[in-house]
Amino acid sequence: MPSKGDTANIFAVCALPVFLWAIYSYLYAFPGYVLRLNAWDLIGALSYTLAFALLESAITTLPFVIASVLLPPRIFKNNIVVLTTVIVLVTSIWMIDANYHQVNFGEYEIGRFILYVTLYLLTVAVPITIVIRFDRIGRIIQGFVGRLALLVYVYAALAAIAVLIVLLRNF
Amino acid sequence: MHRSLSRRDFLKLSAMLPVVGFAPALVKESGRFFAQTALPNILFLVFDTLSAKHMSTYGYPRATTPNLDRFARNAIVYHGHYSGGSFTSPGTAAILTGSHVWSQRAFNFQGTVAPEFERRNMFRIFETAGYYRVSYTHNWLVAQLLNQFRPDITYWKPVRDLCLTDTEISDWLFPNDHDVAFSVERTMALHNPSGAGSLFLSMLDQVFQTNNKKRLSEKFATLFPRGLPTNEETTLFILEDAIDWILKQASQAQRPFFGYFHLLPPHEPYNTRREFIGRFDDDYIEIPKPIHPLSTTSFDEPQERIFRKHYDEMVAYADAEFGRLYDYLLKQGILENTYLIFTSDHGQMLERGTRGHLNRLLYEAITKVPLIISTPGQKERVDVLSPTGSTDILPTLAHLAGQPIPSWCEGRILPMLGGEATTGRSVFTIDAKSNAKHSPITEASVSMVKDQYKLIQYLGYGGKYDDSSELYNLKNDPEELEDLSASNPPLAADLRHELLAKLKSANDSYRPV
């Protein structure tokens, strides 16, 4: 099981792209929202968005935590946070592109889907290899994540307020 | 000989006392019971996006609505009936509140009525009259409105119950804040057909929904070769399920009942049932019309012809299912004590380079909708030619239910159902989707039909359409080809003055709560 600090760092890494994209989604929809929602409803819409982002961050964190428990530690070479960072950031770039271009994997034929996944795995494998080979890069990433983790407290606070607002609006 | 009261007699009489005591209440309740069972049922059926122009009942050359034609033979047919808005939210809100869009404020996409209108709705009127009120819709935008009126509906069947897929979570997770929760869900959370979704889960959800859609489409491929009818691409349904359920309600619901059923066909996509595909492979060609500068699409005539054909096929399918419902109601004798109301919330543009109804144009294709009403036991057709509007339905139903017409209602009782056919009355349709809900309306298309004239006023769109009008004589020019605003400026000016005064009055008097 990763340490509390590592788990928090993994969560921070997963939450960063999710929350940033959630804010983007909210701002994308904002012109439509503002036409018909009052101020409290706009806050409500943001709260649902952030509350969902919290859930999505937790769901995204889970596979990495589970993997670190189930898989032998030597696979991660004590670099669970660094490796997670690489995987999450590369995957996020792919997902941002997919969202932006309205890609629907459900409509992909099996050949096209395999090609997509192969390309994706290559773009993950290359930086992972670099990170494992060059410790310095790993340390830089670790430092970045360490600072990023401070933002977790901001996410957590915003998300907690969002959840409270959702509860208040419904009960 | 004087007979004294025995102890037995006394006890018998004493047992009668409670009955005597309760008798007045019993008489009153039984009177109310019989009065209620004597009240007519009201079955209100809306087919979404049905243009009167595409119905053979209203003279369309293609035989798209033979069953509605049969219905019309024993009904009142309103030939000049206009929707309150150009798409679902304002059009439906006008029906359900009997109020213009500029009053109830549901003019945005996904719009809901202003708070003060949440208790000003058709269901509430029937609640007061003691009716059992039941409702169902396929359409999420209608569901947003019905959710506002939920406290006044006895039983509102969830959208998912008569659909093959279940894609919404906000209605069961956040029923007390459905409007906002659903907006977020639709726009961002899981299944947004365009624009941003959530970063990871929306992609997974999309895969799941797409595969589910493929599986169901394959299962029903024989019946629906083009794919299943759908609401927003993910909620799949077959119309037959909803009609079957309505049949059941009509026969089993507590009497008297008021049923409001808003079904999606013939809304696009035009995934019609097999036997209707190719039905209109004919030589029929509509009168060509110029592409309007405000058109947001640019389909050429051959493309429009294909869309029109597919739309007509969908209309025919919807009509066939109406026929099934109508035959059942006739056979069971339900129509002997039921008003059957058939209408639509808005029409559909398939001309002037435009396909759809989320645009700024207010020609007859989109504003003129069917309204056909049969009274209990009606055996003859009656035609009403004077203009009527969606806002007229609520006061008419209130009148039929023996209830007073609410003071906030802006419609009138329909002719032949207690109202008079009058000349000089103005009927409005509005598109104002780009305005803020709680601000004055400054950017809009407004159509006003007065006798045989129709003025379409454009406001706030910039350039020529910042403030311009078109005037048509619908009697001489039903296809709206000859703009009379230049050749008859006094008439155009009069009508424009009236329309703008009405809008100004609405803007001045609106105060958000």
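Residues numbered from 1 in each chain as written. Chains lettered and ligands numbered in written order. Predicted model: local features only at pLDDT ≥ 70, side-chain atom pairs only at ≥ 80, totals over all residues. Heavy atoms only, no water.

Topic: the nonpolar core
Moving on, step 1. Counting residues in each nonpolar core, the largest one holds 101 residues, and the members touching the most others are Phe44, Leu45, Met122, Phe258 and Leu397 of chain B.
Moving on, step 2. Not counting residues up to four positions away in its chain, the partners in contact with Phe44 of chain B are Ile95, Met122, Phe258, Gly259, Tyr260, Phe261, Ile341, Thr343, Ile393 and Leu397 of chain B.
Moving on, step 3. Counting 42 residues, the second-largest nonpolar core is a separate cluster that includes Ala12, Val18, Tyr108 and Ala162 of chain A. (Core = buried A, V, L, I, M, F, W, Y, C linked by side-chain atoms within 4.5 Å. Buried < 20%, exposed > 50% of the residue type's maximum accessible area, 1.4 Å probe, protein only. Contact = heavy atoms within 4.5 Å.)

A closer look at helix H6 (residues 135–170) of chain A
Moving on, step 1. Taking 1.5 Å of rise per residue, 36 residues should cover 52 Å, and H6 of chain A covers 50 Å from first to last C-alpha, within 8% of that figure.
Moving on, step 2. The sharpest bend along H6 of chain A measures roughly 30° and falls at Leu150 of chain A. (Helix = DSSP H or I, 4+ residues; strand = E, 2+ residues; numbered from the N terminus. Expected span 1.5 Å × (residues − 1). Bend = angle between axes of the 7 residues up to and from the residue.)

Things to note about the pairing of strand E15 (residues 426–431) of chain B
All names here are of chain B.
Moving on, step 1. The buried count for E15 comes to 6 of 6 residues, which makes it a mostly enclosed element.
Moving on, step 2. Where burial is concerned, the two faces of E15 agree: the one with Ser426, Phe428 and Ile430 and the one with Val427, Thr429 and Asp431 are both buried.
Moving on, step 3. Taken together, the 6 bridges between E15 and strand E16 (residues 444–450) define a ladder with antiparallel strand orientation. What sits directly across from Asp431, in E16, is Ser445. (Pairing = 2+ DSSP bridges.)

Here's the deal with the pattern of salt bridges
All names here are of chain B.
Moving on, step 1. Using the criterion set out here, one finds 38 salt bridges over all chains in the structure.
Moving on, step 2. The shortest N-O distance in the salt bridge between Asp312 and Arg62 comes to 2.8 Å. With Asp312 in helix H11 (residues 301–331) and Arg62 in the loop between strand E1 (41–47) and helix H2 (66–72), this residue pair connects regions lying 250 residues apart in the sequence. Arg62 carries the same exposure label as Asp312, and that label is buried.
Moving on, step 3. Between Arg160 and Asp171 there is a salt bridge, with its nearest N and O atoms 2.7 Å apart. Residue Arg160 is found in the loop between strand E5 (155–156) and helix H7 (170–173), and its partner Asp171 is found in helix H7; the two are separated by 11 residues along the sequence.
Moving on, step 4. If you follow the salt bridges from partner to partner, you end up with Glu240, Asp244, Arg273, Glu275, Glu321 and Arg324 in one network. (Salt bridge = Lys/Arg side-chain N within 4 Å of Asp/Glu carboxyl O.)

Section: the confidence of the model for chain B
Residues and elements named next belong to chain B.
Moving on, step 1. Looking at chain B as a whole, its pLDDT mean stands at 91, while 92% of the residues score no less than 70.
Moving on, step 2. Low pLDDT (under 50) marks residues 28–36, which in the prediction has 3 contacts with non-local residues, meaning those over four places away or in another chain.
Moving on, step 3. For this predicted complex, the interface confidence reaches an ipTM of 0.90, while the overall pTM sits at 0.90. (pLDDT = per-residue confidence, 0-100.)

Points about the interface of chain A and chain B
Moving on, step 1. Contacts between chain A and chain B engage 36 residues on the former and 40 residues on the latter.
Moving on, step 2. Here chain A packs against chain B, burying approximately 3,100 Å² in sum over the two surfaces, 64% of which is carbon and sulfur.
Moving on, step 3. Across the chain A-chain B interface, the total number found is 2 salt bridges.
Moving on, step 4. Connecting chain A to chain B are 16 residue pairs in polar contact (both at pLDDT 80 or more).
Moving on, step 5. Elements that contribute at least two residues to the side of chain A that touches chain B include exactly helix H1 (4–36), helix H2 (39–70), helix H4 (80–100) and H6 of chain A.
Moving on, step 6. It is H1 of chain A that contributes the most residues to the side of chain A that touches chain B, 11 residues altogether. (Buried area = accessible area lost by both parts, 1.4 Å probe. Polar contact = N/O pair within 3.5 Å; in protein donor to acceptor, adjacent residues only side chain to side chain.)

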